[in-house]
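# Report on the structure
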Amino acid sequence: MTKPIQNKTSGQQRHLELSDVGIDFPTAKGPFCALKNVNLKISKGEFISLIGHSGCGKSTVLNIVAGLYQATTGGVILDNAEVNEPGPERAVVFQNHSLLPWLSVYKNVELAVKQTRNGRSRAEMKAWVEHNLALVHMTHAADKLPSELSGGMKQRVGIARALSMQPKVLLMDEPFGALDALTRAHLQDSVMEIHASLGNTVIMITHDVDEAVLLSNRIVMMTNGPAATIGEILDVDLERPRNRLAMTDNLKYNQYRHAVLTFLYEKQNKIQTVSRVKADIAQSKKKSSSAA
Amino acid sequence: MMKTNIAPVIFRKIQQNVIQERFFAGLNAMLLPIIGILIFIALWAAVAKNIDTSLGEFPGPTQVWEQSFILVNEHKAQHEKAEAFYERLEKRNAKRVAEDPDYVPTLKIFTGAPTFFDQIWTSLYTVAVGFFVASIIAVPLGILCGLSKGTYAAINPLIQLFKPVSPLAWLPLVTMVVSAVYVSDDPMFSKSFITSAVTVSLCCLWPTLINTAVGVSSIDKDLINVSKVLRLNAFKHVLKIVLPSSIPAIFTGLRLSLGIGWMVLIAAEMLAQNPGLGKFVWDEFQNGSSESLARIMVAVLTIGVIGFILDRLMLSVQRHVSWDKSVSLR
Ligand SMILES: Nc1ncnc2c1ncn2[C@@H]1O[C@H](COP(=O)(O)OP(=O)(O)OP(=O)(O)O)[C@@H](O)[C@H]1O
Ligand SMILES: [Mg+2]
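Residues numbered from 1 in each chain as written. Chains lettered and ligands numbered in written order. Predicted model: local features only at pLDDT ≥ 70, side-chain atom pairs only at ≥ 80, totals over all residues. Heavy atoms only, no water.

## Some thoughts on the site of ligand 1
Residues and elements named next belong to chain A.
- Around ligand 1, 13 residues are found, and the nearest of them are Ser54, Gly55, Lys58, Ser59 and Thr60.
- Gly57 is positioned such that a nitrogen or oxygen atom in its backbone is 2.9 Å from an oxygen atom of ligand 1.
- Within the complex, 65% of the 630 Å² of free accessible area of ligand 1 lies under protein.
- Among the elements of the structure, strand 2 (30-42) and helix 1 (58-66) are those that each provide at least two residues to the shell around ligand 1. (Near = heavy atom within 4 Å. Polar contact = N/O pair within 3.5 Å; in protein donor to acceptor, adjacent residues only side chain to side chain. Areas by Shrake-Rupley, 256 points an atom, 1.4 Å probe, with all protein chains shown as cover. Helix = DSSP H or I, 4+ residues; strand = E, 2+ residues; numbered from the N terminus.)

Below is the structure:
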C-alpha cells in the first residue's frame, strides 16, 4: 500500500540519516511500540515537514533526532556522528515556546548565545543576540518578559533562540500550532525568509497541509500508530521564493495539497463518523450512571 | 425612539454598578477588618468580667492596655539604670587609671533582670538564627531531593519519621547534647541560646525541605528540555532553571517554617527556662501577682503581632525575588 520511499538524495553527501528507528515506551501494560522502521535521509539545507494524525508519533521522531529520547532500535546519524544526547547543534523550537518566564526576551536569547559561544567576545555576543532578534523582527521588545508578549511574538523569540545556537538542524514541533491564521502566515513568511538566507536544515512538524506544501522541500507523511512509520514522502517541486497568493492558483501546488489530503483522509483515515461518536458517548454515560 | 433611550440608561446602570462594586471593595478592605477587631474586643471585655481566676478577674482590654505601658516604662527604667551603671563604671576606671597607669580597667556587664523588650529581642534573634540555619540546610537538600529520585527515596523515610515529632520531645535531648558537646571557656553564645536555636532549626527544616523538593521535581518538562538542548551543566541548570522556577514553592516552605519556628520557640523557652518571650510568660505565671495575667496577655498579643510581621516580611522578600509579580501572594 505504501509507496517505496523515494531516495532522491542518495547520490549526495549524507547529512542527517534516520536508519531503522523504532521506540518502545515502557507503560504499565508492558512496552508500547510507538515507532517502527523509520528510515529517512535528509540532505543539507533541506526543509522537511512531518505530517500525520494526532498521536501517531511525530513528536517522538523529533525528540529522537533532538536526542531527548533514545531510540530502542536503529539510530540517528548527523554528519557521521551518532546522536545520543541533546545538544545545541540540533536546536529545538518547542510547541509552546518554552521561554524562561523570568528572563527578558534579550536574556533568553543571550543564555543560548553564551552557551554556544564559538569564541565570541562580549561585544560580539551582544551583537549576535541583537542580530538574531532582528532576524525575527523582535528588536523592539528585547526588554520585555515573555508574559508581556503575544503568542506569535513568543514563538518568534523561540525561533530566534534556536537560530542563535547556529544549529546544523533546526527542529520545530508544531511551531505555529497555537497561533491564529494571520499570525501564522506572517511567521511562515519569516521562516521561509530565514531558511532562504541561512540555509539551515529544518524538520518541522505540522498539522496544516497548506503550511507543509508552502514551506517544504519534502513532506514526510506518517501512518497511524501504534508502530507508526513513514507512509509516503512527497517531493515538493515548487520554485522558491514561494508566494502564498500566487500558490493558490498554482496547479502543482494544488496537486501536492491534494496528495497530502488524500493520504491523511483516505489512506490513513481516522475520523469517526458522527453516529459512532454519539454511540460512544451514550455508552460512557450508561457506564457512569451504573457506577453511581 | 425607544432604542435611543435605552442605551444611556443601560450605560448609567452599568456605571452605577461599577461605582457600587468599588465602594464595596473599599469597604471590604478597610472597614470589615476593623469591625472584626471591634467585635472581638467587645466580646473579650464582656467575657473577661465573668471569669474569676485564683489570680483575680481575667484581664480585659483596659487592663492589658495599661500593662503594656507599664512594661514600656519598666524597660525605660531598666535602661536608665544600666546607663547609670556604665557611667559610674567608666568614671571609676578613669580614676583608677589616673592613679595607677598600669591598671587595666575591668569590664563589667550590667546584670539587671531582662525586661519584656529584652526578651522580645532575644526571641527574635534566636528564631532568626534557628530559621537561617534550617534554611541553608533545607533548601539545598530539597533541591537535591527534587533533582534526584534516588536521594529523595533515601531521605523520604527520615522526613516522614521526623516531621511529626513535637519540638518539645527534642528539647531534653538537644539540651543534653549541647551541654556535652558545646564546652568552651569563653562561649560566644550561651548554651540556652544554642539549645533554643537548634530546637527551632529541627522544626523549621521540614516544611522548607518538602516544599522545595516538590517545587523542584515539578518544574515544567519543556524547560528541562531547553536546559538539555543548551547543555547547561549541573550548576548552571540549578542556577538558571531550577532555582527561579521553584522560588514560589521554596518561599511557601520558608513561610511555613518561620511560622512553625516562632511557635516552637515560645514553647521551648517556656519549657527549658531559656531567655525569651516564653520565659517571660512562664515567669509571670510563676509570679502569680494580680497583674500577671494582664502581662501574659500583653505577651500573647505581642507574640501574635510579631508572628504576623515575620510572615509579612517573608512575603515582601518573596515579592522582591520572585519573577512572577502577577501571582497573588497571600
Ligand atoms: N513518554 C512516553 N511514554 C509513553 N508513551 C508515550 C510517550 N511519549 C509518547 N507516547 C505515545 O507515543 C505515541 C506518539 O506520541 P507523540 O507525542 O509522538 O504523537 P504526535 O504525533 O506528536 O501527536 P500530536 O500531533 O498530538 O502532538 C502516542 O500514542 C503517545 O501516547
Ligand atoms: Mg506532538
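## As for a negative patch on the surface
- Taken together, the side chains of Glu80(B), Glu83(B), Glu87(B) and Glu90(B) make up a negatively charged region of the molecular surface.
- Here Glu80(B) shows up in helix 2 (residues 61-99). (Patch = residues over 30% accessible without salt bridge, like charges linked within 9 Å, V, L, I, M, F, W, Y side chains within 5 Å. Salt bridge = Lys/Arg side-chain N within 4 Å of Asp/Glu carboxyl O. Lys, Arg positive; Asp, Glu negative; His and termini not counted. Charge placed at Lys NZ, Arg CZ, Asp CG, Glu CD.)

## Points about the pattern of salt bridges
Residues and elements named next belong to chain A.
- If you walk through the whole model with that rule in mind, you get 13 salt bridges over all chains.
- A salt bridge links Arg90 to Glu89; its shortest N-O distance comes to 2.9 Å.
- The exposure class assigned to Arg90 is buried, which follows from its relative accessible area of 2%.
- One salt bridge connects Arg184 with Glu211, and the closest N-O pair in it is separated by 3.6 Å. Pair noted here: Arg184 is in helix 5 (residues 181-198) and Glu211 is in helix 6 (residues 209-215), with a separation of 27 residues, a long-range link.
- Residue classification places Arg184 among the buried positions, given a relative accessible area of 16%.
- Taking the relative accessible area as the measure of exposure, Glu211 reaches 2% and is therefore buried.
- Several salt bridges share partner residues, and in doing so they unite Arg184, Asp208 and Glu211 into one network. (Buried < 20%, exposed > 50% of the residue type's maximum accessible area, 1.4 Å probe, protein only.)

## A closer look at the side chain of His195(A)
- Tracing the sequence through the fold places His195(A) in helix 5.
- Within the structure, His195(A) has its side chain in polar contact with the backbone oxygen of Gly45(A) (distance 3.0 Å).

## Considering the domain arrangement of chain B
- The domain architecture assigned to chain B consists of domain 1 (2-51) and domain 2 (116-321).
- Centre-to-centre, using C-alpha coordinates, domain 1 of chain B lies 39 Å away from domain 2 of chain B. (Domains from an automatic or database assignment.)

## Quick word on the packing of aromatic side chains
Residue and element names in this part refer to chain B.
- Under the criterion given, the structure shown has twelve aromatic pairs over all chains.
- With a centroid separation of 5.6 Å and an interplanar angle of 45°, the aromatic rings of Phe162 and Trp170 are classed as tilted.
- Given the relative accessible area of 27%, Phe162 is considered partly exposed.
- Classification of Trp170 as buried rests on a relative accessible area of 19%.
- Where Phe189 meets Phe193, the ring centres are 5.2 Å apart and the plane angle is 35°; that geometry is what we call tilted.
- For Phe193, a relative accessible area of 11% translates into the label buried.
- Following the ring pairs from residue to residue traces out a cluster consisting of Trp121, Tyr125, Phe189 and Phe193. (Phe/Tyr/Trp six-rings, centres within 6.5 Å; stacked < 30°, edge-to-face > 60°.)

## Some points on the environment of Arg295(B)
All names here are of chain B.
- Secondary-structure assignment places Arg295 in helix 10 (residues 292-321).
- Residue Arg295 is classed as buried on the basis of its relative accessible area, which comes to 11%.
- When the C-alpha atoms of Arg295 and Ile19 are compared, they prove to be 46 Å apart, with 276 residues separating the residues in sequence.
- Apart from residues no more than four positions distant in its own chain, Arg295 is found in contact with Gln67, Ile70, Leu71, Glu74, Phe280 and Glu284.
- Of the polar contacts made by the side chain of Arg295, one reaches the side chain of Glu74; its length is 3.0 Å. (Contact = heavy atoms within 4.5 Å.)

## Overview of helix 2 (residues 105-115) of chain A
- With eight of eleven residues buried, helix 2 of chain A is to be regarded as a mostly interior element.
- Those residues of helix 2 of chain A that fall on the buried side of the exposure criterion are Val105(A), Tyr106(A), Asn108(A), Val109(A), Glu110(A), Leu111(A), Ala112(A) and Val113(A).

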